[in-house]
Amino acid sequence: MDIALDPPRGAAGVALGMPIREAERILSGLYGCEAPGYSRGSRGVAHFSNGMTIQAHADGVGMVEAVEIYRPNDPTVRVLYGDISVFGDRCDVVEERLRSRVRIEIINDGATVVAPDLFLALGRDESVSGEGAAGEFFESVVVAAPGYYDDLDDPSVTGPAPNSPEGEQAGGQESLF
């Protein structure tokens, strides 16, 4: 199974700007979907039998503003940006291949790689390090519109980081629950 990343338009068949309900319908139709819909208070989440999770993050008015995909357990599931397997290849290989095509920025002490002009962000598990460790591979990828992380550079912005446990709900979702 291949999952296509198409920044800045969308990922996994979910288009940025579509209603979250439509995104839920699309995700629930993907092979191996076990639990679509609400998850821990968030809309747009789909869990799959291969260990992958995909979340369409909604903005304040119920439209998809980002699609986040978490690494599947099954190596036959490929999450691809063009011909780059973002979870199948080691981080250094993915970074090198991305850098040959687009501008990238390394942030969070190397834990996140962002292609800001597309918007494509890849995250690795910061708690794992060492030779042969899972930290050598990306654990998540986010597709959004360019500028999605711009507020991270603004020291006046407060609150949890987008990928922190406190920030699991997408902006604007708080009013839904």
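How each quantity is defined
- Residues numbered from 1 in each chain as written.
- Predicted model: local features only at pLDDT ≥ 70, side-chain atom pairs only at ≥ 80, totals over all residues.
- Heavy atoms only, no water.
- Helix = DSSP H or I, 4+ residues; strand = E, 2+ residues; numbered from the N terminus.
- Buried < 20%, exposed > 50% of the residue type's maximum accessible area, 1.4 Å probe, protein only.
- Contact = heavy atoms within 4.5 Å.
- Areas by Shrake-Rupley, 256 points an atom, 1.4 Å probe, with all protein chains shown as cover.
- Arc of directions from axis to C-beta.
- Core = buried A, V, L, I, M, F, W, Y, C linked by side-chain atoms within 4.5 Å.
- Salt bridge = Lys/Arg side-chain N within 4 Å of Asp/Glu carboxyl O.
- Polar contact = N/O pair within 3.5 Å; in protein donor to acceptor, adjacent residues only side chain to side chain.
- Pairing = 2+ DSSP bridges.

Asker: Explain the overall build of the protein chain residue by residue, including any values.
Answerer: Regarding its fold elements, the protein chain presents 2 helices and 13 strands. Every one of the 177 residues in the protein chain was classed for burial, and the buried ones make up 43%. Nonlocal contacts in the protein chain, meaning residues at least 24 apart in sequence, comprise 48% of its contacts between residues at least 6 apart. As presented, the protein chain carries roughly 9100 Å² of accessible surface, and 50% of it is formed by carbon and sulfur atoms.

Asker: Can you lay out helix α2 (residues 91-99) for me, pointing to particular residues and giving the numbers?
Answerer: For α2, the complete set of buried residues consists of Cys 91, Val 94, Glu 95 and Leu 98. Buried residues along α2 cover an arc of 100° about the axis, so they all sit on one side. Structurally, α2 contributes buried residues whose contacts are with β8 (78-81), β9 (84-85), β10 (105-107), β11 (112-115), β12 (120-124) and β13 (138-144).

Asker: Provide a residue-level description of the nonpolar core, including the pertinent values.
Answerer: The biggest cluster of nonpolar side chains holds 39 residues, and the ones touching the most others in it are Leu 5 and Ile 69. Per-element accounting of this core gives the leading share, 4 residues, to helix α1 (residues 20-28). Beyond its immediate chain neighbours, meaning those up to four positions away, Ile 69 contacts Ile 3, Leu 5, Ala 11, Met 52, Thr 53, Ile 54, Val 79, Phe 87, Glu 139, Ser 140 and Val 141. The next biggest cluster of nonpolar side chains, apart from the first, holds 7 residues, and it includes Ala 66, Val 114, Phe 119 and Ala 121.

Asker: Residues and numbers for the environment of Phe 48, please.
Answerer: The topology assignment puts Phe 48 in strand β5 (residues 42-48). On the accessibility criterion, Phe 48 (4% relative accessible area) is buried. Through-space distance from the C-alpha of Phe 48 to that of Leu 30 is 8.7 Å; in sequence the pair is 18 residues apart. Among residues more than four places away in sequence, those in contact with Phe 48 are Leu 27, Leu 30, Tyr 31, Gly 32, Cys 33, Glu 34, Thr 53 and Ile 54.

Asker: Lay out the pattern of salt bridges in plain terms, naming residues and giving numbers.
Answerer: Considering all chains together, one arrives at 12 salt bridges under this definition. With a closest N to O distance of 3.0 Å, Asp 83 and Arg 97 form a salt bridge. One end of the pair, Asp 83, is in the loop between β8 and β9; the other, Arg 97, is in helix α2, and 14 residues separate them in sequence. Arg 90 is the salt-bridge partner of Asp 92, the closest N and O atoms lying 2.4 Å from each other. Accessibility expressed as a relative area gives 37% for Arg 90, which makes it partly exposed.

Asker: Outline the side chain of Thr 112, listing residues and values.
Answerer: With respect to the secondary-structure elements, Thr 112 resides in strand β11. Polar contacts involving the side chain of Thr 112 include one to the side chain of Asn 108, which spans 3.0 Å. Discounting residues that sit within four places of it in the chain, Thr 112 has contacts with Glu 105, Ile 106, Ile 107 and Leu 122.

Asker: Break down the pairing of β12 for me, citing the residues and quoting the values.
Answerer: Counting buried positions along β12 yields 4 of 5 residues, so the element is predominantly enclosed. Sheet topology places β11 next to β12; 4 bridges connect them, and they run antiparallel. Bridging from a neighbouring strand, Val 114 pairs with Ala 121 of β12. Connecting the antiparallel pair β11 and β12 is a turn made up of 4 residues. Of the pairings in the sheet, the one linking β12 to β13 comprises 5 bridges and is antiparallel in character. Each bridged residue has a counterpart across the sheet, and for Gly 123 the counterpart in β13 is Ser 140.

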